[in-house]
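# Structural description and commentary
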Amino acid sequence: MAGWVPADALGRRVLCGTEYGTVRYVGSVPPTAGIWLGVEWDDPQRGKHDGTYEGTQYFKCRHPRGGSFIRPNKANFGVDFLTAIKGRYGLNENQNGQNGIENTCVFGNKTVEFVGRDSIEKKQRQLTDIYPILPYLIQNQNLILISEKGRSDIRHIDLSKNLVSCWDTVIDIASQVPNLETLDISGNKMKFPSTSISVSNAFSKLTTLALNQTGITWTEVLLCAPGWPVLEELYLTSNNITVLERPDHVLQTLKLLDLSNNQLLDGSQLHLIGHLPRLEQLILTNNGISSVRFPDAEFGCKTKMFPSLKRLAINDNKISQWSEINELDKLPSLQVLECRNNPLMDTEKNPETLRQLIIAKISQLEVLNKSEIFPDERRGAELDYRKIFGKAWLAAGGHWDPERNKPSEEFLAAHPRYPSLCLSKYKSNSEVAFLWCSHLCTCAFLYLEYGVPEEGELKGQQPLTLKNQLLTLTIKCPDNPEQKPVEKKLPESMTVQRVKGLLYRLLKIPGSELKLSYESSKLKGKEVELDNDLKPLQFYSIENGDSVLVRW
């Protein structure tokens, strides 16, 4: 309703064209005549000054050029919730009784009769029946109030990018929707409580709340949180959250927290939310984080923080050290990690090598950057990690003799998982684990797959020349003894599909009929299936001297 200035205009949200803003001043601006509105724009590029005109400060803005004056007829203060619904669905109670015409409508000079209009309008007046499309109706309709009770069937409301200017208004709306479960209030720059408020039952069933781009701070979140007793998902992207506080006795049911695009002053503040008992997913994209630390846990141990955290996103941050990845292995439940677009990603030229290092460093990871980690990939990554840093392990005091194996603290800090990958062939809580056999009353040793790397296995980082990438392999056909073994030099980057193409030229058997596996020269009799045609040989950790077994 452009041109209308409500009595409580100060602090209200307005829409001018396509730009949103908040009214910071209502009154005259000499020497011009009439009433002006001083507006602080959401987009500071829309403004002209900081609220000062001709040397007089009429209002203040956070941005030095974020404000301007507009006439009231340029400002749209929005409409109330009920009016918007009636306007959208034609629920005007007076229109049918006028002029004695109940079921007709005039288009130009033509009168059109609507058959069955009464029954349609009766259904439209049942506002509980339109709840499935209610989110689409509310969104971007400049709604500010709700004034009719009885919407017991409505469970999801989208009020994003509207003109809501106060959290109290949100409480008023929610209190009239008793079964509300999902609420999106994003894009509304609002005034939130600055002190403790009385707890309302308006959000007693709310499980999902989006407060993106509302200007809320973490302190204000905690002041409102007592009113969200069963909240499970909270979205707080692009706000003014720079400092965190510990959420004592609130947000204890939270399973997902999105803090993306908030510039946290210090990554160590994550400790303050580390004891949310049910938090399973934490999204920290573009938060300016450069370090992650869990000082309560030693190398190779698990932290007590984030006990239920399964999914973590730390994309677009400032993480540049491998020590931060080591810290993530301390999270007891971490299964899914996204860490793209960090400076650390530039430390390795080969993306596949980078991926393998992360997999080897985080023991429980199942998905990395939205790509599943299969058992063979993990095994290959851990074997390569064990070999690549073997010389550094020896130089730091590592040894094949357990009694002389005393790697330095510096090495353990850089490679906390290395000892668990390079134990002797027995695994234990301390040195050896015992399996008590109830029938024999004896004990047996648990076999660990990898063991300490042998001297011949140790390798350093070698230049990526073609010579260093070639593997000398023996091609065997175990089911066809007449076919003699053939020795071939193949690039480790060659895919399984291309190997099948090579074998077609040798054996004249179509690649689609070939089944490949390989046998390690160190583990005779154990075969590993090459089951993904698009993966390179290095994915399966094939080494010089291994045999490729071909069947069809």
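Looking at an unreviewed UniProt entry, the protein carries the name Tubulin-specific chaperone E, with the source organism given as Coturnix japonica. Turning to the protein, the UniProt annotation filed under Function (unreviewed entry) states: "Tubulin-folding protein; involved in the second step of the tubulin folding pathway and in the regulation of tubulin heterodimer dissociation. Required for correct organization of microtubule cytoskeleton and mitotic splindle, and maintenance of the neuronal microtubule network." Taken verbatim from the UniProt record of the protein, the Subcellular location (unreviewed entry) comment is "Cytoplasm, Cytoskeleton".

What the protein contains, in helices and strands, is 13 helices and 25 strands. The proportion of buried residues among the 552 residues of the protein is 45%. Of the roughly 29300 Å² of accessible surface on the protein, a fraction of 51% belongs to carbon and sulfur atoms.

Next up on the list: a nonpolar patch on the surface. Together, Val 5, Leu 10, Val 26 and Ile 35 make up an exposed nonpolar region whose accessible area comes to about 320 Å². Judged by its relative accessible area of 59%, Leu 10 is exposed.

Take the packing of aromatic side chains next. Tallied over the entire structure, the rule returns 13 aromatic pairs. In this structure an aromatic cluster arises from ring pairing among Tyr 25, Tyr 53, Tyr 58, Phe 59 and Phe 69. The ring of Trp 41 has Arg 46 lying over it, and the distance from NZ or CZ to the ring centre is 4.2 Å.

So, about the sheet that holds strand E6 (residues 67-70). Within a sheet, adjacent strands bond to each other through the backbone by hydrogen bonds, running parallel or antiparallel. Spatial ordering of the open sheet is given by E1-E2-E3-E6, a layout of four strands whose pairing is antiparallel. Because the sheet does not close on itself, it has two edges, and the strands there are strand E1 (13-16) and E6. On average, adjacent strands in this sheet sit at an angle of 45° to one another, irrespective of strand direction. The pairing of E1 with strand E2 (residues 19-27) spans four bridges and is antiparallel. Opposite Val 14, over in E2, you have Gly 21 as the bridge partner.

So, about the side chain of Thr 237. Among the structural elements, Thr 237 can be located in the loop between strand E12 (233-235) and strand E13 (256-258). Those residues in contact with Thr 237 that sit more than four places away from it in its chain are Asn 212, Gln 213, Asp 258, Ser 260 and Asn 262.

Extensive coverage of strand E3 (residues 36-41) is indicated by the burial of six of its six residues. Burial of E3 is two-sided: the residues Trp 36, Gly 38 and Glu 40 facing one way and the residues Leu 37, Val 39 and Trp 41 facing the other way are all buried. Pairing of E2 with E3, which is carried by six bridges, proceeds in the antiparallel orientation. Each bridged residue has a counterpart across the sheet, and for Tyr 25 the counterpart in E3 is Gly 38. Here E3 runs beside E6; their pairing, made up of four bridges, is antiparallel. Within the sheet, the bridge partner assigned to Val 39 lies in E6 and is Ser 68.

Scanning the model with the defined rule gives 17 salt bridges in all. We note a salt bridge from Asp 42 to Arg 13, for which the minimum N-O separation is 2.7 Å. Highlighted residues: Asp 42 in the loop between E3 and strand E4 (52-53) and Arg 13 in strand E1, separated in sequence by 29 residues. On the basis of relative accessibility, which here comes to 30%, the residue Asp 42 falls in the partly exposed class. The shortest N-O distance in the salt bridge between Arg 551 and Asp 479 comes to 3.4 Å. Here Arg 551 is found in strand E25 (residues 547-551), whereas its partner Asp 479 is found in the loop between strand E21 (470-476) and strand E22 (486-491), with 72 residues between them in sequence. Salt bridges here are not isolated pairs; linked through shared partners, they connect Arg 24, Glu 40 and Arg 62.

What follows deals with the environment of Tyr 25. For Tyr 25, the location among the structural elements is in strand E2. The contact partners of Tyr 25, leaving out residues within four places of it in the chain, are Leu 10, Trp 36, Leu 37, Gly 38, Tyr 58, Phe 59 and Phe 69. A distance of 2.6 Å separates a polar atom in the side chain of Tyr 25 from the backbone oxygen of Ser 28.

Let us now look at the sheet that holds strand E11 (residues 208-210). Spatially, 10 strands are ordered E9-E10-E11-E12-E13-E14-E15-E16-E17-E18 in an open sheet, and the strand pairing comes out mixed. Edge strands, defined here as strands with exactly one partner in the open sheet, are strand E9 (156-158) and strand E18 (371-372).

Conventions and cut-offs
- As a convention, each chain's residues are numbered from 1 in the sequence order in which they are written.
- Given that the model is predicted, a residue must reach a pLDDT of at least 70 before its local features are reported, and side-chain atom pairs must reach 80 or more before they are shown or counted; all residues, however, enter totals for whole chains, interfaces and linings.
- Calculated side-chain values reflect all of the structure's heavy atoms, with hydrogen atoms and water omitted.
- UniProt positions are given in the numbering used here, feature names are shortened, and annotations may be inferred rather than shown by experiment.
- Where helices and strands are cited, they refer to DSSP runs of H or I of at least four residues and of E of at least two residues respectively, numbered from the N terminus.
- Relative accessible area decides the class of each residue, using a 1.4 Å probe on protein chains only: under 20% of the type maximum gives buried, over 50% gives exposed, and in between gives partly exposed.
- For the accessible areas, the method is Shrake-Rupley and the probe is 1.4 Å, while residue cover comes only from the protein chains on display.
- To count toward a patch, a residue needs a relative accessible area above 30% and no salt bridge. Like charges then connect within 9 Å, nonpolar side chains (Val, Leu, Ile, Met, Phe, Trp, Tyr) within 5 Å.
- The working definition used for a salt bridge is a side-chain nitrogen of Lys or Arg within 4 Å of a carboxyl oxygen of Asp or Glu.
- Each aromatic pair joins two rings of Phe, Tyr and Trp (for Trp, the six-membered one) with centres within 6.5 Å, and gets the label stacked for planes under 30 degrees apart, edge-to-face for over 60, and tilted for any other angle.
- Two conditions define a charge located above a ring, namely a distance within 6 Å from the ring centre to NZ of Lys or CZ of Arg, and an angle within 35 degrees of the ring normal.
- In short, DSSP must find at least two bridges between two strands for them to pair.
- Whenever a helix is involved, its axis is fitted only over the stretch in contact; in every case the axis is a line through C-alpha atoms, and angles between N-to-C directions fall within 0 to 180 degrees.
- Working rule for contacts: check all heavy atoms of both residues, and any pair within 4.5 Å makes them a contact.
- In the analysis that follows, any N or O atom pair within 3.5 Å is treated as a polar contact, provided that within protein one partner can donate a hydrogen and the other can accept it, and provided that, for residues neighboring in sequence, both atoms belong to side chains.

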